[in-house]
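One letter stands for each residue in the lines below.
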Amino acid sequence: MTLETFWRARTRRERTIVQAAAVLVFAILLPVWCYLMAAKFREDSASELRGAERVQSQVARLAELRKNQPEGFAGTDQAIRERILASAEAGGLAILRLENAGADRVRVAFEPAESSAVYRWVEAISRRGGLVQSSAVVRVGDSDQVNAEFEVADSP
């Protein structure tokens, strides 16, 4: 028995009752579905807003730290490798790997660290005469921890 055969076998009154029931169900389910979608959108938006506010506060904190730090030196007398080590130690970063990437470049990889500490290190190495030529910063899970790897050369 197909649906069409079933439908034709119903009397006019039965068809009217089924149609009314379908309209009633649709009239109830549509607003409920719309409400659920709006509630989910609101929840997702609130979560994204909290994340954006957290990033904004970190940027403001970094700007304040930068404002309060003394000017660095462009130490051309200090090797780039030594400046990387000194900047990492000053920033509380643990170096996972430090290797030469050419005659005047060094590749450095850090153990997972707070993203703000890594960005402060980039700022510090730039003030000390280093030029970050390439970078790879990858977030670790849902935390603020990142894995970071940079290729640094002396500024020209």
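In the block above lies the structure referred to throughout.
Residues numbered from 1 in each chain as written. Predicted model: local features only at pLDDT ≥ 70, side-chain atom pairs only at ≥ 80, totals over all residues. Heavy atoms only, no water.

### Let's talk about the nonpolar core
Line of reasoning, step 1. The biggest cluster of nonpolar side chains holds 16 residues, and the ones touching the most others in it are I84, L93, F110, V118, W121, F150 and V152.
Line of reasoning, step 2. Going through the elements one at a time, α3 (80-91), β2 (105-114), α4 (115-127) and β4 (145-154) are the ones with two or more residues in this core.
Line of reasoning, step 3. Setting aside residues no more than four positions away along its own chain, I84 makes contact with I95, L98, V106, V108, W121, I125 and V152. (Core = buried A, V, L, I, M, F, W, Y, C linked by side-chain atoms within 4.5 Å. Buried < 20%, exposed > 50% of the residue type's maximum accessible area, 1.4 Å probe, protein only. Helix = DSSP H or I, 4+ residues; strand = E, 2+ residues; numbered from the N terminus. Contact = heavy atoms within 4.5 Å.)

### Some thoughts on the pattern of salt bridges
Line of reasoning, step 1. A full pass over the atoms with the stated rule returns 10 salt bridges.
Line of reasoning, step 2. Ionic pairing is found between R8 and E4, a salt bridge with its closest N-O pair at 2.5 Å. On the criterion of helical spacing, the pair formed by R8 and E4 is a turn pair, its members being four residues apart in helix α1 (residues 3-9).
Line of reasoning, step 3. Here E151 makes a salt bridge to R105, at a shortest N to O gap of 2.9 Å. (Salt bridge = Lys/Arg side-chain N within 4 Å of Asp/Glu carboxyl O.)

### With respect to a nonpolar patch on the surface
Line of reasoning, step 1. A grouping of L24, V25, I28, L29, V32, Y35 and L36 is seen on the molecular surface, where their side chains present a nonpolar patch of about 710 Å² in accessible area.
Line of reasoning, step 2. Take I28: it is sitting in helix α2 (residues 12-68). (Patch = residues over 30% accessible without salt bridge, like charges linked within 9 Å, V, L, I, M, F, W, Y side chains within 5 Å. Areas by Shrake-Rupley, 256 points an atom, 1.4 Å probe, with all protein chains shown as cover.)

### Thoughts on the sheet that holds strand β1 (residues 95-100)
Line of reasoning, step 1. The four strands are arranged β1-β2-β4-β3 in an open sheet whose pairing can be described as antiparallel. This sheet does not close on itself; its edge strands, each paired only once, are β1 and β3 (130-139). Taking the axes of each pair of neighbouring strands and ignoring which way they run, one obtains an average angle of 15 degrees across the sheet.
Line of reasoning, step 2. Strand direction decides the pairing type here: β2 and β4, joined by eight bridges, are antiparallel. Considered in β4, the bridge of V108 is made with F150.
Line of reasoning, step 3. Seen against the sheet, α3 touches β1, β2, β3 and β4 and runs at an angle of roughly 170 degrees to β1. (Pairing = 2+ DSSP bridges. Axes fitted to C-alpha atoms, helices over the stretch in contact; angles between N-to-C directions.)

### Focus on the side chain of D144
Line of reasoning, step 1. Topologically, D144 is positioned in the loop between β3 and β4.
Line of reasoning, step 2. As a buried residue without a salt bridge, D144 has its nearest oppositely charged side chain in R139, at a separation of 4.3 Å.
Line of reasoning, step 3. Of the polar contacts made by the side chain of D144, one reaches the side chain of Q58; its length is 3.2 Å.
Line of reasoning, step 4. Only 2.7 Å separates the side chain of D144 from the side chain of S115, close enough to count as a polar contact.
Line of reasoning, step 5. Residues contacting D144, with those up to four places away along its chain left out, are Q58, A113, E114, S115, S116 and R139. (Lys, Arg positive; Asp, Glu negative; His and termini not counted. Polar contact = N/O pair within 3.5 Å; in protein donor to acceptor, adjacent residues only side chain to side chain.)

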